[in-house]
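# What the coordinates show
Letter by letter, the chains look like this.
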Amino acid sequence: MRVTFWGAAQTVTGSMHHIEAAGKRFLLDCGLYQGRRREAFERNSHFPFPVSSIDGVILSHAHIDHSGNLPTLVHNGYSGPIYTTPATVDLCLPMLTDSAFLQQKDVEFCNRRREHRRSKGLDDHECDPLYLPEDAERVHPLFRAVELGETKEVAPGFRYRTYEAGHMLGATSMVIEADGVRLAFSGDVGRKHLPIIRDPITPDPVDYLIMESTYGDRFHKPVANVASKLAEVINRTARRGGKIIVPCFAVGRTQQLVMVLHQLMDAHEIPSIPIFVDSPLAINVTEVFRKHPECYDEETRQMLSNGDPFGFSRLTYVREASESKKLNELHGPFLILAASGMCEGGRILHHLRNNIEDPRNTVLITGFQAEYTLGRKILNGDREVPIFGEPTPLRAEVISLDELSGHADQRELIEWMRPLAAGLKKVFLVHGEPAQGAALAEVIRQEFKLDVQQPSRGHSFLLN
Ligand SMILES: [Zn+2]
């Protein structure tokens, strides 16, 4: 078996690993690389192997950094199967379509700016969309649903089995077995006790492990603190008449926060302020969540028996752009959840532009913020941040709620891999910035005396 790392290698996004085994070639994930526009476009639009050589794709979960370049693959002629769980299949349709729309909008903005720069005599590159909504739609018929825990023979002598990753609805870790080698791929490993989804499960023993390292040098606060911390932030902001602006991943984080807000409001631990989910994608995705109760944990099943976990009287889902604009005129206190989670596009940009100059307001960061993103700049506490290309003073309170992180921290990753350690020949760390990977590698070497690699893009290893 040969594995070549083509994405999420010494970085977080663009997860894509190439596996050659049993005479076949498979991709594990086909994610979108997110970063500086030109570099991202180059990297996403050119596959480093002939697309026609790929026999199949195995997808760990629906997040765009794992699934988001599937439309480019299909646009380049791929028509083979894409194996993943039923919930991931259903999530991918709205998510990939949304990704295509966001790219189109970004290109329109980029080309407007280009015109402006050209009118000033400055040369600038033309921007093209990476793929179109119709490319995203063409991915859907290629999905082959594989139930969680099922062992699937995807080619003669090439099997894979999935395990609950505890990271998002439908997300899996997996074990691939071919050529007498057993290789585990963690996908993204979640945390215990996260709302809605079940806890992560460590796969059965393997020879090699590809593991994520997003938070390889961090320690999260316990998930149990989320509700009280959220209540504190909301109460404090509401007392000063402010708004709580929550850049929020439309998939997973929004539904988790809605559920916690539902519980807090039922328990009268937060004032009865209006709450808006301002994201058509989040609305579509919430429908997918309602369709897949087989993925819920016990607590959510209980809530389901008392009604809709994702609906309550003070909550409004805002689908129309015109309704979203009306929120600009509304006085606080209220809370808005809007995408995108790293503030790289979507309706959150308008809410940030309109609200971050007012010190009564709060920006509540609820997830991982990649390097160079607007979300990272806000989280870093920059005094001025660029929104729609304009420098905008940041005076609102900024709070980070990393308890809800969908990614295990260093301690949790070590505990997750502990049952595998004794039988491992090598560990490959992916899906982390170099410093995160290096810190985690050091702990794994000390704790388990294992050979740990942080492969670069294009690095290839023969596994036997
Ligand atoms: Zn993920």
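Look a little higher up for the structure.
Residues numbered from 1 in each chain as written. Predicted model: local features only at pLDDT ≥ 70, side-chain atom pairs only at ≥ 80, totals over all residues. Heavy atoms only, no water.

### Description of the overall build of the chain
Let me state the cut-off plainly: Note on conventions: DSSP H or I runs of at least 4 residues are helices, E runs of at least 2 residues are strands, and numbering of each starts at the N terminus. To get the radius of gyration, use the C-alpha atoms; to get the globule rule, take the number of residues to the power 0.38 and multiply by 2.2 Å. Each residue gets one of three labels from its accessible area relative to the maximum for its type: buried under 20%, exposed over 50%, partly exposed in between, using a 1.4 Å probe on protein chains only. Note on contacts: a residue pair is in contact if any heavy atoms of the two residues lie within 4.5 Å. In short, Shrake-Rupley with a 1.4 Å probe defines the accessible areas, and a residue's cover is counted only from the protein chains shown.
When helices and strands are counted, the chain shows 14 helices and 22 strands. A compact globule built from 464 residues should have a C-alpha radius of gyration of about 23 Å, and the chain, at 22 Å, falls within 12% of that. Projected onto its principal axes, the C-alpha positions of the chain cover 65 × 60 × 40 Å. Burial statistics for the chain: of 464 residues in total, 58% are counted as buried. Sequence-distant contacts in the chain: of pairs separated by 6 or more residues, those separated by 24 or more amount to 75%. Looking at the chain as shown, the accessible area adds up to about 18,700 Å², and 49% of this sits on carbon and sulfur atoms.

### Quick notes on the environment of Asn328
Inclusion rule: Two N or O atoms form a polar contact when they lie within 3.5 Å of each other; inside protein one atom must be a possible hydrogen donor and the other a possible acceptor, and for residues adjacent in sequence the pair counts only when both atoms belong to side chains.
Among the structural elements, Asn328 can be located in the loop between α10 (321-326) and β15 (334-338). As a C-alpha pair, Asn328 and Val206 span 122 residues in sequence and 54 Å in three-dimensional space. With residues up to four places along the chain from it excluded, the contact list for Asn328 reads Lys243, His351 and Asn354. A polar atom in the side chain of Asn328 sits 3.0 Å from the side chain of Asn354.

### So, the sheet that holds strand β6 (residues 143-145)
Cut-off, in case you're wondering: Strand pairing is assigned whenever DSSP detects at least two bridges linking the two strands. Angles shown run from 0 to 180 degrees and are taken between the N-to-C directions of axes, each axis being a line fitted to C-alpha atoms and, for helices, limited to the stretch in contact.
Strand order across the open sheet formed by seven strands is β6-β5-β4-β3-β2-β1-β22, with mixed pairing between neighbours. Of all the strands in the sheet, the pair left with one neighbour each is β6 and β22 (460-462). The sheet shows a mean angle of 25 degrees between the axes of neighbouring strands, direction not considered. With five bridges joining them, strand β1 (residues 2-7) and strand β2 (residues 16-21) adopt antiparallel strand pairing. Among the inter-strand pairings, Phe5 is bridged to a residue of β2, identified as His17. This element, helix α4 (residues 86-119), spans β5 (82-84) and β6 of the sheet and lies at about 150 degrees to β6.

### Describing the coordination of the zinc ion
Selection rule: Atoms of type N, O and S within 2.8 Å of a metal are treated as its donors, and for Na, K and Ca the window is 3.2 Å; water is not considered, so some sites may appear to be missing partners. Four donors are marked tetrahedral only if all angles between them lie between 85 and 135 degrees, whereas four are marked square planar and six octahedral if opposite donors are more than 155 degrees apart and the other angles lie between 65 and 115; the remainder are marked irregular.
Only His61 (NE2), His63 (ND1), His167 (NE2) and Asp188 (OD) from the protein coordinate the zinc ion, and they sit 2.1 to 2.3 Å from it. Classification of the site at the zinc ion rests on its four donor atoms, whose angles at the metal span 89 to 171 degrees, yielding the label irregular.

### Digging into the pattern of salt bridges
Keep this limit in mind: Between Lys or Arg on one side and Asp or Glu on the other, a salt bridge is scored when a side-chain nitrogen of the former is within 4 Å of a carboxyl oxygen of the latter.
The final tally for this structure, using the stated rule, is 25 salt bridges. Note that Arg182 is salt-bridged to Glu177, the shortest N-O span being 3.0 Å. Its salt-bridge partner being Glu412, residue Arg191 comes within 3.0 Å of it at the nearest N-O pair. Note that Arg191 is positioned in the loop between β10 (181-185) and β11 (208-212) and Glu412 in helix α13 (residues 410-421), a separation of 221 residues in sequence. When salt bridges with common partners are traced through the structure, they connect Glu232, Arg236, Arg240 and Glu397 into a single cluster.

### Here's the deal with the side chain of Asp297
Its location among the elements puts Asp297 in the loop between α8 (280-291) and α9 (298-305). Engagement of the side chain of Asp297 in a polar contact is seen with the side chain of Thr300, the distance being 2.7 Å. Those residues in contact with Asp297 that lie beyond four places of it in its chain are Leu194, Pro195, Ile196, Ile197 and Arg198.

### What about the sheet that holds strand β21 (residues 452-453)?
Read across the open sheet, the seven strands follow the order β7-β8-β9-β10-β11-β20-β21; overall the sheet is mixed. Bordering the open sheet on either side are β7 (151-155) and β21, each of which pairs with just one other strand. Helix-sheet contacts for α13 involve β9 (172-178), β11 and β20 (426-430), and the interaxial angle to β11 is about 170 degrees.

### Some thoughts on the environment of Glu108
Relative to the elements of secondary structure, Glu108 occurs in helix α4. With 215 residues separating them along the chain, Glu108 and Glu323 place their C-alpha atoms 23 Å apart.

### Describing the nonpolar core
In plain terms, the rule: To define a nonpolar core, start from buried Ala, Val, Leu, Ile, Met, Phe, Trp, Tyr and Cys residues and group those joined through side-chain atoms within 4.5 Å.
Among the nonpolar cores identified, the biggest contains 78 residues, and Leu91 and Leu337 are the most heavily contacted of them. Leaving out residues up to four positions away in the same chain, Leu337 has contacts with Val246, Cys248, Leu257, Val258, Leu261, Ile275, Phe276, Val277 and Asp278. Membership of the second largest hydrophobic core comes to 27 residues, among which are Phe5, Tyr83, Val146 and Leu463.

### Digging into the state of the cysteines
In plain terms, the rule: Two cysteine sulfurs form what is called a disulfide whenever their separation falls within 2.5 Å.
Under the defined criterion, the tally for this structure stands at zero disulfides. Looking at the unpaired Cys30, the closest cysteine sulfur is the one in Cys92, lying at 11 Å.

### Some words on the pairing of β15
Counting buried residues in β15 gives five out of five residues, a clear majority hidden from the surface. The alternating pattern of β15 places Phe334, Ile336 and Ala338 and Leu335 and Leu337 on opposite faces, both of which are buried. Judged from the three bridges that link them, strand β13 (residues 275-277) and β15 form a sheet pairing that is parallel. Among the inter-strand pairings, Phe276 is bridged to a residue of β15, identified as Ile336.

### Side note on the packing of aromatic side chains
To describe a pair of aromatic rings, you give the distance between the ring centres and the angle between the ring planes. The criterion, for reference: Here is the rule: rings of Phe, Tyr and Trp (six-membered ring for Trp) pair when centre to centre is within 6.5 Å. Planes less than 30 degrees apart are stacked, more than 60 are edge-to-face, and the remainder are tilted. Distance and angle both matter: a charge sits over a ring if NZ of Lys or CZ of Arg is within 6 Å of the ring centre and within 35 degrees of the ring normal.
One pass over the full model with this rule turns up nine aromatic pairs. With a centroid separation of 6.0 Å and 85 degrees between ring planes, the pair formed by Phe289 and Phe310 is classed as edge-to-face. Of the two residues, Phe289 sits in helix α8 while Phe310 sits in the loop between α9 and β14 (315-317), which places them 21 residues apart along the sequence. Residue Phe289 is classed as buried on the basis of its relative accessible area of 2%. One aromatic cluster is present, built from ring pairs that chain together Phe5, Phe428 and Phe461. The ring of Tyr372 has Arg36 sitting right over it, with the charged end atom 4.1 Å from the ring centre. A cation over a ring is seen here: Arg43 above Tyr33, with NZ or CZ 4.1 Å from the ring centre.

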